[in-house]
Amino acid sequence: MQLLPMTDIATPNRFELSWLTERKLATTWDLVATRQVLRFAPEAQLITSGRALEDTTPGEIETTILGPRGYHQPASDEASPNRPARHW
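## Some points on the environment of Ala44
By secondary structure assignment, the location of Ala44 is in the loop between helix H2 (28-37) and strand E2 (45-51). A relative accessible area of 1% means that Ala44 is categorised as buried. Spatially, the C-alpha atom of Ala44 lies 8.5 Å from that of Leu66, the residues being 22 residues apart in sequence. Leave out the neighbours within four places in its chain, and Ala44 touches Thr7, Asp8, Arg35, Leu66, Gly67 and Pro68.

In structure tokens form, the structure reads like this:
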């Protein structure tokens, strides 16, 4: 975890991200919070893929990009009250 603050891009999967943060990742809200827990460099990107959380549309697997301006889910453009507002 000492290298993460120095990275430009990190690509952990859901299980690795959960292990690194010592947190259960159940929703997109949890995923967004991991960026702060891991203390990434201000301009760093966190990309996680191959995940299905509680608020994932049934039958889909998502990729999420977390950056300094918020998050983006390239394949999912539908609004949901269960997800944080996007700031991409």
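## Topic: the environment of Thr11
With respect to the secondary-structure elements, Thr11 resides in the loop between strand E1 (9-10) and helix H1 (14-21). Sequence-wise, Thr11 and Ser49 are 38 residues apart; in three dimensions their C-alpha atoms are separated by 8.0 Å. With sequence-adjacent residues up to four places away left out, Thr11 is seen in contact with Glu16 and Ile47.

## Focus: the sheet that holds E2
Strand order in the open sheet formed by four strands is E1-E2-E3-E4, and the pairing between neighbours is mixed. Every interior strand has two partners, whereas the edge strands, E1 and strand E4 (70-72), have only one. As paired strands, E2 and strand E3 (residues 62-67) are joined by four bridges and run antiparallel to one another. Residue pairing in the sheet places Leu46 in a bridge with Leu66 of E3. Strands in contact with H2 are E2, E3 and E4; relative to E3, the strand with the most contacts, it is inclined by about 35°.

## A short note on the side chain of Thr56
With respect to the element layout, Thr56 can be found in the loop between E2 and E3. For Thr56, a relative accessible area of 8% puts it in the buried group. Within polar-contact distance, the side chain of Thr56 engages the backbone nitrogen of Leu53 at 2.7 Å. Side chain to side chain, Thr56 and Glu62 meet in a polar contact 3.0 Å long.

## What to know about the pairing of E3
Counting buried positions over the six residues of E3 gives five, a clear majority of the element. Between the antiparallel neighbours E3 and E4 lie two residues.

## Let's talk about the pattern of salt bridges
Think of it this way: side chains of opposite charge can pair up when their charged atoms draw near. Taken as a whole, this structure holds one salt bridge when the rule is applied. With a shortest N-O distance of 4.0 Å, Lys24 and Glu54 are connected by a salt bridge. Taken together, the positions of Lys24 in the loop between H1 and H2 and Glu54 in the loop between E2 and E3 put the pair 30 residues apart, joining distant regions of the chain. Glu54 carries the same exposure label as Lys24, and that label is exposed.

Reading guide: rules and limits
- Residues numbered from 1 in each chain as written.
- Predicted model: local features only at pLDDT ≥ 70, side-chain atom pairs only at ≥ 80, totals over all residues.
- Heavy atoms only, no water.
- Helix = DSSP H or I, 4+ residues; strand = E, 2+ residues; numbered from the N terminus.
- Buried < 20%, exposed > 50% of the residue type's maximum accessible area, 1.4 Å probe, protein only.
- Contact = heavy atoms within 4.5 Å.
- Pairing = 2+ DSSP bridges.
- Axes fitted to C-alpha atoms, helices over the stretch in contact; angles between N-to-C directions.
- Polar contact = N/O pair within 3.5 Å; in protein donor to acceptor, adjacent residues only side chain to side chain.
- Salt bridge = Lys/Arg side-chain N within 4 Å of Asp/Glu carboxyl O.

All quantities given are derived from atomic positions and should not be read as evidence of function.
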